[in-house]
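# Observations on the three-dimensional arrangement
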Amino acid sequence: MQDLKKYFITINREYKEGDVAVFRQKFSGDNIVSAVLYATALGVYEAELNGKKVGEQMFAPGYTYYPRRVLYQEHDVTELLNAGSESSGENELVFYLGQGWYCGRFLCENQTQIYGEKPAVSWMLCIKFADGSEKVIHSGTDVEELESPYGYAGEYDGEVYFADGRNNVIGNPVVFTGAIDFALEKTLTEVRIQEEMPVRNVTVSEGKTILDFGQNFAGIVEIHPEFLGNETLTVRHGEILNPDGSLYTANLRKAKATVVYHAGTDKKVYRPRFTYMGFRYVEISGAEYKPGMVKAYALYTDMRRTGFFECGHEKVQKLYENQVWGQKSNYVEVPTDCPQRDERMGYTGDGQVFALTGAYNFDTNDFWKNFLRDLELGQLDNSEGYVCATVPQTGPAGIGFVNMLGWGNAVTILPELMYWQFGDEKALPQQYESMKKFVEAEIRKMEGRNLWLGVSLGDWLALGKDMAWQAQHNNPISNSFIVHDLKVVSETAKALGYEEDAARYQAQYQATRDAYLQMFVKEDGDVADDYQSAYIMALKFVIPEGELRQKVMKKFVENVRREGLTTGFFATEHLLPMLVEAGEAKLAYDVLLQEGCPGWMYQVDRGATTTWERWDAIREDGTVNEDKITDDNMVSFNHYAFGSVGEFYYQYILGIKPLEPGFRKVKIQPYPDERLGRVAGAYLSGAGEIKSAWKYEGEKVMITVTVPVEAEIYLPDGRVEKVSAGEYSYEVNKA
C-alpha cells in the first residue's frame, strides 16, 4: 500500500506540544458493495466513520523506527457506511491526529519533535460499487480541519478534553513535506482495550474521591457523561497511596498522568485516545462520584494467552499472577520498562530478561518479530553495529562510555528463544546479519584480549550495589553475554552453511570462553571473588560440563546458603533454575518462599499486585524508597524484570520444557515441594496443550501429565518414562 505516501497531510500552523488535529472528509455513496480503509500516520491516529471507531487498535499505526519503517492498517468498513446496494447516504470520515512518539513529548529527557517537526496522516478509502466500478477517496488539502475538542493530549501528561460538541471548520490541512523515505509495512500486532477492571473500594475525603481497582495495571479510565452536568472532572492516577490515604505521585516524575474532562452538551462516552496510565488508584475531583461514572480498562498488545498455573500456596499463586500483570502492563506496543512515569520505552535488557516467562504466559512470537525488525533497522544507522538499549531508537547512535552489555544482547537471546519456544525456523536466519554486526562490534572492543573490559551497569538493581559498584564489577556479567552471543552466531552460521563465518565465530567463542575462565574463575570454583550474580551468569552461559563446573556449582550453593538472594535484573532470571540444576531444589523453594528483603514474598506481603523495579521499593518501615540511583526518582511498582521468576514456575514447578524446537518433543520434569500442596498448570504450545499437575496425598506424590506429542517424563524418584501423546498418571514416594 505504498500509495499512502502520496497523501500525507499535516496541520497548517506552528507546532505546539500536545496539539491534536481533527480532519473531516464527507462523501456520498450509492450502491456501495464494499469499502476498505487504508491508513497510516507519523504520530498517532484514530479514525471514525459515521461516529464509530474504525477497528480496535489503540495508538495506531504503532510505534516503529520512523526513519526506516512506518506501519499501516487495513480495515473493511463496509458495515459502517450509510450506504449499500439499495440505499445511499451522507458519510463522514473523521481522523483524530495526535503527536504520539513521532513528535510528542517522550523519553526520560522529556524531548519533543524527536523524529519530525509535525505529525502527519494519510488515508485511502477504496470503494467498490454494485456496477463493478471503483473509486478511491483519499486525504488531501480539500479535507476540512475541525476545531479540536482536545486542549492537550500526550502520553505522559494525559488529556484535556472539552465535551461541548465543537465541530466548527477552522481551515484545511497542507501537504506534508517532511521525509517519507521509509518502508510502509502492514501492522503485525495491535494494542487493544482488554478486560474491564472493577472498582474494589471507594474512599471520599475533602471533596476528593479515591477509587481502588485492586490491581496495578496499564490502562485507561472511561468517563460516562450522563452522570455529569457541566462540571470539570479531574482524574489523577497513581500506583499507591500515601499514609494519609491521598494519591502518591512522586514516582511519576514529570508525568502528570491526569485527565481533565470538561463536561458539556456532548454526551458520548469519553475514552482517551492518545494516552494510557500505569495505576491502581485514581483520584476524582470536580464532581460528586457516582457508581458507573468512570470505568477502567486494561490495555496491552493483543496476544493469545498460553500459560496457566495454580497452586495451593496463596502467596506463590499471587506472585504468579503479579508477573502476568507485569507483562500485560508492559507489553504495550514495545516491551516497556514501566507504564506510569515519564519513560515507557522499549528496553532491550528488561525485555530479554522476561522474554522466556512472557513466552509461556502468552504467544509473543509476533510481538518479538515486530520488535526485532525495529532493532535491526535502527542498527543500520548506528556506528559499529551497535544495538541501542531502547528500541525503537530515537536516531543514529554509537557505543558510549557505558557499553550496556546485557541490553544489546537481546539481538541473539530473542531469536534463539523464538526458535525454541515457537519453532520459528525463520527467527535466527532473519536476524543473522543483525547478530553478526553486533558480535563484530564486541570483537573489535576486545582489542586482542578476547574479552570486552569496559564500563557497564552489570547486574542492574541488585540490592546494596550502586552504579559505581556495578561499573567496577560488571565484566563477569557483561562478558557472559558475549560468550552466549558467539555461541548463537557460530551455530546459526553453521546451520545456514556459512562455513567461513562458522569457523571464525566458533574459534572466537572458544577463545573468549577460555579468557573468561582464566580471568574470572579460579581452580577451586570461586567466580569473581565469590560474587553470586557472576556464579549464575558463568554457569548459565560460560562454564562447560566437567569437574570445574561441579566446583563452581558447589561454591554457588554455599554462597546462596550464606547470603540468600543478592541478584539484580539479569541473574535473578537464572537463580532458582540454577539451584535446581545444582541438585538443590529445596533450597530453590526456600529462596522463593523466604519473606525477607530482597525477595518475592517480601513484595507480596506488602500488597504488591505486580513485581517492583527495586527489591526494596517499599522499605521495611513502610516508606517508599526514593533514593536516587540516577538523577531522578526511580521507583516503579510495575516492572516485570524480577517477574522472570515465572520461568521457574513453568519449567521447574510444572516441569514443562521443549526437547525439540516448538515443543515438537517435550520434556516433563516437575520438582514437587510439599509447601505448595498442590500444583496444576498448562502451556498451549504450537504442538498442542501440555498439562502438568502434582499433589501430595499422605506419603505419596501423585503426578498427572498430558502431552500432545512424544515426551520424556522425568519423575522425582529417578524413573524416566518415554511416552507418546496421551495422559499419564504416576505415584511416587514422598522424598
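In what follows, the structure referred to is the one given above.
Residues numbered from 1 in each chain as written. Predicted model: local features only at pLDDT ≥ 70, side-chain atom pairs only at ≥ 80, totals over all residues. Heavy atoms only, no water.

### Some details on the overall build of the protein chain
For clarity, the threshold we go by: Strands here mean DSSP runs of E at least two residues long; helices mean DSSP runs of H or I at least four residues long; both are numbered from the N terminus. For this measure, only C-alpha atoms enter the radius of gyration; the expected value for a globule follows 2.2 Å times N^0.38, where N is the number of residues. Think of it in three bands: residues with accessible area under 20% of the maximum for their type are buried, residues over 50% are exposed, and the middle band is partly exposed, with areas taken using a 1.4 Å probe on protein chains only. We call two residues in contact whenever any of their non-hydrogen atoms come within 4.5 Å of each other. Calculation of accessible area relied on Shrake-Rupley with a 1.4 Å probe; when residues are assessed, cover is drawn exclusively from the protein chains displayed. In this tally, Asp and Glu contribute negative charge and Lys and Arg positive charge; neither His nor the terminal groups of the chain are included. By convention, the point assigned to a charge is CZ for Arg, NZ for Lys, CD for Glu and CG for Asp.
The number of helices and strands found in the protein chain is 15 helices and 34 strands. In terms of overall size, the protein chain behaves like a compact globule, its C-alpha atoms giving a radius of gyration of 27 Å where 735 residues would be expected to give roughly 27 Å. Principal-axis analysis of the C-alpha atoms gives the protein chain an extent of 80 × 65 × 55 Å. Expressed as a percentage of the 735 residues in the protein chain, the buried residues total 60%. Across the protein chain, the fraction of contacts at a sequence separation of at least 24, relative to all contacts at a separation of at least 6, is 73%. Just so you have it, the protein chain exposes about 27,500 Å², and 46% of that area is on carbon and sulfur atoms. Averaging the coordinates of the 75 positive side-chain charges in the protein chain and doing the same for the 107 negative ones gives two points 1 Å apart.

### Brief notes about the sheet that holds strand S31 (residues 700-707)
Stated precisely, the cut-off is as follows: Pairing between two strands is assigned when DSSP locates at least 2 bridges connecting them. Angular values range over 0 to 180 degrees, each being the angle between N-to-C directions of two axes fitted as lines to C-alpha atoms, with helices fitted over their stretch in contact.
Strands sit in the order S24-S29-S30-S31-S34 across an open sheet of five strands; the sheet is antiparallel. The open sheet has two free edges, formed respectively by strand S24 (307-311) and strand S34 (726-733), since each of these has just one partner strand. Adjacent strand axes in the sheet meet at a mean angle of 10° when their direction is disregarded. In terms of strand pairing, strand S29 (residues 678-685) meets strand S30 (residues 688-697) through eight bridges, oriented antiparallel. Looking at the pairing, Leu684 lines up with Glu689 of S30.

### Considerations on the side chain of Thr306
Locating Thr306 in the fold gives a position in the loop between strand S23 (294-301) and S24. Relative accessible area serves as the criterion here: at 2%, Thr306 is assigned to the buried category. Each residue touching Thr306, except ones within four places of it in the same chain, is listed here: Ala359, Tyr360, Asn361, Phe362, Asp363, Ala682, Tyr683 and Leu684.

### Focus: the side chain of Gln352
Within the secondary structure layout, Gln352 lies in helix H3 (residues 348-361). When neighbours within four sequence positions are excluded, Gln352 is seen to be in contact with Gly406, Ala410, Ile413, Leu414, Phe481, Phe570 and Glu573.

### Concerning helix H9 (residues 499-520)
Counted only if it meets this: A helix is expected to reach a length of 1.5 Å times the quantity of its residues less one.
The end-to-end C-alpha distance of H9 is 31 Å, a good match for the 32 Å that 22 residues give at a rise of 1.5 Å each. Restricting attention to buried positions, one finds in H9 the residues Asp501, Ala502, Tyr505, Gln508, Tyr509, Thr512, Arg513, Ala515, Tyr516, Leu517 and Phe520. Here the buried face of H9 lies against helix H6 (427-446), helix H8 (475-496), helix H10 (532-541) and helix H11 (547-563).

### Description of the pattern of salt bridges
Selection rule: A pair is scored as a salt bridge if a Lys or Arg side-chain nitrogen falls within 4 Å of a carboxyl oxygen belonging to Asp or Glu.
Using the criterion set out here, one finds 59 salt bridges in the structure. When salt bridges that share partners are traced, they join Arg253, Asp337, Arg341, Asp342, Glu343 and Glu613 into one network.

### A word on the environment of Lys665
Mapped onto the elements of the fold, Lys665 is located in the loop between strand S27 (656-658) and strand S28 (666-668). Taking relative accessible area as the criterion, Lys665 reaches 18% and is therefore assigned buried. Contact partners of Lys665, with chain neighbours within four places excluded, come to Pro658, Leu659, Glu660, Val709, Glu710 and Glu712.

### Re the layout of surface pockets
Quick reminder of the rule: For cavity detection a 1 Å grid was placed over the protein atoms alone, and a set of points counts as a cavity when a 1.4 Å probe fits there but cannot get out; an open set counts as a pocket when protein lies on both sides within 12 Å along at least five of seven lines, with lining residues being those that have an atom within 4 Å of a point. Grid points are joined across faces, edges and corners, and a volume is the space filled by probe spheres set on the points. For this classification, the nonpolar set comprises Ala, Val, Leu, Ile, Met, Phe, Trp, Tyr, Cys and Pro, the charged set comprises Asp, Glu, Lys and Arg, and every other residue, Gly included, is treated as polar.
Within this model, the largest pocket holds a volume of roughly 1,300 Å³. For the largest pocket, the lining is made up of 41 residues, of which Leu356, Glu416, Lys540, Phe541 and Gln651 are closest to its centre. Taken together, the residues that form the lining of the largest pocket break down as 22 nonpolar, eight polar and 11 charged. Approximately 870 Å³ is the volume found for the second largest pocket. Broken down by class, the residue content of the lining of the second largest pocket amounts to 16 nonpolar, seven polar and 10 charged.

### Quick word on helix H2 (residues 314-330)
Since the α-helix turns once every 3.6 residues, residues separated by three or four places project in the same direction. Spanning 17 residues, H2 covers 24 Å between terminal C-alpha atoms, matching the ideal 24 Å at 1.5 Å per step. Most of H2 is tucked away: 13 of the 17 residues are buried.

### Side note on the sheet that holds strand S32 (residues 711-714)
Spatially, four strands are ordered S27-S28-S32-S33 in an open sheet, and the strand pairing comes out mixed. On the outer flanks of this sheet lie S27 and strand S33 (720-723), each paired with one strand and no other. Shown here is a sheet whose adjacent strand axes are inclined to one another by a mean of 20°, direction ignored. Sheet analysis places S27 next to S28, joined by three bridges and oriented antiparallel. If you follow Lys657 over to S28, its bridge partner there is Lys667.

### Focus on the nonpolar core
Rule in force here: In plain words, nonpolar cores are sets of buried Ala, Val, Leu, Ile, Met, Phe, Trp, Tyr and Cys residues tied together by side-chain atoms within 4.5 Å.
Judged by nonpolar contacts, the single largest core of 211 residues is most densely connected at Leu233, Phe556, Leu576, Leu579, Leu592, Trp600 and Phe648. By residue number, the principal contributor to this core is H6, which donates nine residues. When near neighbours in sequence (up to four residues on either side) are disregarded, Leu592 contacts Val316, Leu319, Leu576, Trp600, Met601, Val645 and Phe648. Residues Ala21, Tyr45, Ala47 and Leu93 belong to the second largest nonpolar core, which totals 27 residues.

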